[in-house]
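Structural features, examined
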Protein chains: 2
Amino acid sequence: MPSLHLLQNLPAPGPEEHFEEILKRPGVRLERIVSDGQVSPPGFWYQQNYDEWVVVLQGAGHLEYDNGNIDILAPGDAVLIPAGRRHRVAYTEPRTVWLALHFDAPDSAPQLA
Amino acid sequence: MPSLHLLQNLPAPGPEEHFEEILKRPGVRLERIVSDGQVSPPGFWYQQNYDEWVVVLQGAGHLEYDNGNIDILAPGDAVLIPAGRRHRVAYTEPRTVWLALHFDAPDSAPQLA
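Note that this is a predicted model, so its numbers are computed, not measured.

1. Here we look at the overall build of chain A
What chain A contains, in helices and strands, is zero helices and nine strands. Helices (α) and strands (β) of chain A occur, in sequence order from the N terminus, as β-β-β-β-β-β-β-β-β. Over its C-alpha trace chain A gives a radius of gyration of 14 Å, about what one expects of a compact globule, namely 13 Å for 113 residues. Taken over the C-alpha atoms alone, chain A extends approximately 45 × 40 × 25 Å along its principal axes.

In structure tokens, the structure reads:
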């Protein structure tokens with residue numbers, strides 16, 4: 001089967017994070033993100049229309065929310081970021097690998113037959 | 001945010017694997033599987049109607065296919081098992097943790113608006 005080694009042959013560290021789509025299906029898009037110390041600009045907030053679920057596979061990352069809460073994510077730690085929730089990446093360790101599941105449809109959408 | 005520590009507080013090893021649904025959305029279901037040496041019975045093959053994507057987070061697992069191929073999965077290794085592909089779990093290390101994405105809809109299904 002076509003296998004993928006998510007922790008091997010990582011793209012070289014650079015000024016930007018690396019985003020790579022792994023697969024896309026109706027309702028969902030799976031992405032690998034490789035971070036090397038990048039953080040969101042001060043005062044910048046992501047605010048997405050749809051839920052996102054992320055898990056750290058390697059390294060560490062801190063997600064900050066606009067209520068001041070911070071999620072400190074180590075390998076195996078996952079968080080669901082609900083649609084509309086303002087958040088930013090406050091910290092990443094070099095060679096941090098995330099998996100992100102982007103749900104393209106709201107939770108209330110009808111199940112596909 | 002509600003966070004989940006996929007590698008902590010694992011269920012105690014027992015005779016059966018542990019399956020836990022993490023979330024379910026239109027088109028996709030995300031599951032954590034904890035294996036402790038369990039394998040598929042000899043001669044048993046899984047054959048699913050829809051694609052499944054799995055990644056090993058911890059431990060190791062071997063997936064065998066009916067053409068004799070074996071995928072040896074270490075942490076970070078992922079594989080897409082296409083619908084209809086006969087496969088079985090040929091080996092698992094104690095305390096192996098998998099993430100499985102089950103796609104409830106065929107790849108050709110229309111994208112949700």
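After presenting the structure, the write-up continues.
2. Some points on the packing of aromatic side chains
Tallied over the full model, the rule gives two aromatic pairs over all chains. Centre to centre, the rings of Phe44(A) and Tyr46(A) are 5.0 Å apart; their planes meet at 85°, and the pair counts as edge-to-face. Overall, the relative accessible area of 36% leaves Phe44(A) in the partly exposed class. Above the ring of Phe103(B), the side-chain terminus of Arg25(A) is found at 4.8 Å from the ring centroid.

3. Some details on the sheet that holds strand E7 (residues 77–81) of chain A
In sheet architecture, strand pairing relies on hydrogen bonds along the backbone and comes in two forms, parallel and antiparallel. Spatially, E2(A)-E3(A)-E9(A)-E4(A)-E7(A)-E1(B) is the arrangement adopted by the six strands of the open sheet, whose pairing is antiparallel. Among the strands making up the open sheet, the edge pair consists of strand E2 (18–25) of chain A together with strand E1 (3–5) of chain B. In this sheet, adjacent strand axes meet at a mean angle of 20° when their direction is disregarded.

4. Quick notes on the nonpolar core
In terms of nonpolar packing, the biggest core is built from 30 residues, with Trp53(A), Leu99(A), Trp53(B) and Leu99(B) touching the most fellow members. Residue assignment for this core shows that the elements contributing at least two residues are E2, strand E3 (28–35), strand E4 (52–58) and strand E9 (96–103) of chain A together with strand E2 (18–25), strand E3 (28–35), strand E4 (52–58) and strand E9 (96–103) of chain B. When residues no more than four places from it in sequence are discounted, the contact partners of Trp53(B) are Leu6(A), Ile22(A), Leu23(A), Leu30(A), Leu99(A), Ala78(B), Val79(B), Leu80(B), Leu99(B), Ala100(B), Leu101(B) and Phe103(B).

5. So, the pattern of salt bridges
All names here are of chain A. For the coordinates displayed, the defined rule picks out 16 salt bridges over all chains. The partner of Arg29 in a salt bridge is Glu31, with the nearest N and O atoms 3.3 Å apart. Owing to a relative accessible area of 10%, Glu31 belongs among the buried residues under this scheme. Asp36 is the partner of Arg95 in a salt bridge, and the nearest nitrogen-oxygen pair spans 2.8 Å. Remark: Asp36 occurs in the loop between E3 and E4 and Arg95 occurs in the loop between strand E8 (87–92) and E9; sequence separation between them is 59 residues. Judged by relative accessible area, Arg95 falls into the partly exposed class, the value being 24%. Owing to a relative accessible area of 18%, Asp36 belongs among the buried residues under this scheme. Here the salt bridges share partners, and the residues they tie into one network are Asp66, Arg85 and Arg86.

6. A look at the side chain of Ser40(B)
Residues and elements named next belong to chain B. Within the element layout of this structure, Ser40 appears in the loop between E3 and E4. Among the residues examined, Ser40 registers a relative accessible area of 5% and is labelled buried. Contacts of Ser40, omitting those with residues within four sequence positions, involve Tyr46, Arg88 and Val89.

7. Digging into unusual backbone geometry
Residue and element names in this part refer to chain B. Look at Asn9: it is not a glycine, yet its phi comes out positive at around 50°. With respect to the secondary-structure elements, Asn9 resides in the loop between E1 and E2. Among the residues examined, Asn9 registers a relative accessible area of 73% and is labelled exposed. With phi around 60°, Arg95 is a residue other than glycine that occupies positive phi space.

8. Description of the sheet that holds strand E6 (residues 70–73) of chain B
Residues and elements named next belong to chain B. Taken in spatial order, the three strands make up an open sheet running E6-E5-E8, and their pairing is antiparallel. Each of the sheet's edge strands pairs with one partner strand only, and the pair in question is E6 and strand E8 (87–92). Averaged over all pairs of adjacent strands, the angle between strand axes in this sheet comes to 20°, irrespective of strand direction. Relative to E6, strand E5 (residues 61–65) is paired through four bridges, and the arrangement is antiparallel.

Conventions and cut-offs
Residues numbered from 1 in each chain as written. Chains lettered and ligands numbered in written order. Predicted model: local features only at pLDDT ≥ 70, side-chain atom pairs only at ≥ 80, totals over all residues. Heavy atoms only, no water. Helix = DSSP H or I, 4+ residues; strand = E, 2+ residues; numbered from the N terminus. Rg over C-alpha atoms; globule rule 2.2 N^0.38 Å. Phe/Tyr/Trp six-rings, centres within 6.5 Å; stacked < 30°, edge-to-face > 60°. Buried < 20%, exposed > 50% of the residue type's maximum accessible area, 1.4 Å probe, protein only. Lys NZ or Arg CZ within 6 Å of the ring centre and 35° of its normal. Pairing = 2+ DSSP bridges. Axes fitted to C-alpha atoms, helices over the stretch in contact; angles between N-to-C directions. Core = buried A, V, L, I, M, F, W, Y, C linked by side-chain atoms within 4.5 Å. Contact = heavy atoms within 4.5 Å. Salt bridge = Lys/Arg side-chain N within 4 Å of Asp/Glu carboxyl O.

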